[in-house]
Amino acid sequence: MTGPDVPLSFKLAYVPGVTPSKWVRIWNERSPGVPLGLVQTTAAEAAALVREREVDAVLLRLPIDREGLHAIPLYTETTVVIVPKDHLVAAADEVSVDDIADDVVLHPLDDTLDWERPPGKPALERPATTADAVELVAAGVGLLVVPQSLARLHHRRDLTYRPISGTPESGVALSWLEDETTDLMEQFIGIVRGRTVNSTRGRQQPQEKPAKSKRPQTGGRKPPSGKTAGQRGAPKRGKPRRRS
């Protein structure tokens, strides 16, 4: 519902691991009269919130079905493996999928990485959520491969994580409906893209014509300083010769 009597507002959804606080702070500084509401959602429901117009935009993880949606990729996360602190992986700075080939690797139903099956040995059952999978890692059931922000989100003192190569990476994007790029949406796009407050949002502004000088113009060149027009073309006179 929109109209002159409806106060302006902007609603933003975001998935676990994504931290919109910096962009929210900039929004509040630039548009203090337009409240920005935050809605936390799951990765599976993120795109649906935009399609159903529950929110104006969403920060979600790629890949998604982009039909009817805009999606601006913002950044790509490092992929890590979560392990117990006494696991051999904890002694390395970085590991590869070959290093965990003999371990059980959990595959939660809300997994955000674009693969059919993680490396290693599959567990007997798939945990319902990433949070459940982290609990199983702590219980010694297996390991878990996730984007780094999710490892930080579910941090535990008895667990640690290391970067892992040979796995998909999770990209985070800003998404909204194709036909609803409003002025407020443009404003938020500018914030996440790092535009300044004086940005024209890519639209060319007419250039101002330079002010005309009030000083009268002469028809020719300005005579050199200290010389009159009559002196300008006069030949130089040499020193008088001394008579013998």
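Quick note: structure is the one above.
Please read all numbers here as calculations on a predicted model, not as lab measurements.

A. Examining the sheet that holds strand β3 (residues 57–62) more closely. Pairing is mixed across the open sheet formed by five strands, whose spatial order is β2-β1-β3-β11-β4. Each end of this open sheet is capped by a strand with a single partner; those strands are β2 (36–40) and β4 (69–76). Averaged over all pairs of adjacent strands, the angle between strand axes in this sheet comes to 25°, irrespective of strand direction. By the bridge criterion, seven bridges tie β4 to strand β11 (residues 171–177) in an arrangement that is antiparallel. Counted as the bridge partner of P73 is A173 from β11. The sheet contacts of helix α1 (residues 21–30) involve β1 (10–14), β2, β3 and β4, and relative to β2 the element is tilted by about 165°.

B. Seen up close, the sheet that holds strand β9 (residues 143–147). One open sheet holds the six strands; their spatial order is β6-β10-β5-β9-β7-β8, and the pairing between them is mixed. Only two strands of the sheet have a single neighbouring strand rather than two, namely β6 (95–96) and β8 (121–122). Strand direction decides the pairing type here: strand β5 (residues 79–84) and strand β10 (residues 159–165), joined by five bridges, are antiparallel. Each bridged residue has a counterpart across the sheet, and for P84 the counterpart in β10 is L159. Docked against the sheet, helix α3 (residues 130–138) engages β5, β7 (104–106), β9 and β10, running at close to 140° with respect to β9.

C. Region of the structure containing α3. Those residues of α3 that sit buried are T130, A133, V134 and V137. Taken end-on, α3 shows its buried residues confined to a sector of 105°, consistent with a single buried face. Those residues of α3 that are buried lie in contact with β5, β7, β9 and β10. Remark: G140 follows α3 within two positions and exhibits a positive phi of approximately 85°.

D. Layout of the environment of L136. Position of L136 among the secondary structure elements: in helix α3. Every residue in contact with L136, bar those within four places of it in the chain, is listed here: L106, P127, V141 and G142.

E. Here's a closer look at the packing of aromatic side chains. Within this structure, the stated rule accounts for three aromatic pairs. Every member of this aromatic cluster is reached through a ring pair, and the members are F10, W27 and F188.

F. Expanded view of helix α5 (residues 183–192). Where burial is concerned, most of α5 is hidden: eight out of the ten residues are buried. Turning to α5, its buried residues are L184, M185, E186, F188, I189, G190, I191 and V192. Those residues of α5 that are buried lie in contact with β1, α1, β2, β3, β4 and β11. Phi for G194, located one or two positions after α5, is positive at around 80°.

Procedures and definitions
Residues numbered from 1 in each chain as written. Predicted model: local features only at pLDDT ≥ 70, side-chain atom pairs only at ≥ 80, totals over all residues. Heavy atoms only, no water. Pairing = 2+ DSSP bridges. Helix = DSSP H or I, 4+ residues; strand = E, 2+ residues; numbered from the N terminus. Axes fitted to C-alpha atoms, helices over the stretch in contact; angles between N-to-C directions. Contact = heavy atoms within 4.5 Å. Buried < 20%, exposed > 50% of the residue type's maximum accessible area, 1.4 Å probe, protein only. Arc of directions from axis to C-beta. Phe/Tyr/Trp six-rings, centres within 6.5 Å; stacked < 30°, edge-to-face > 60°.

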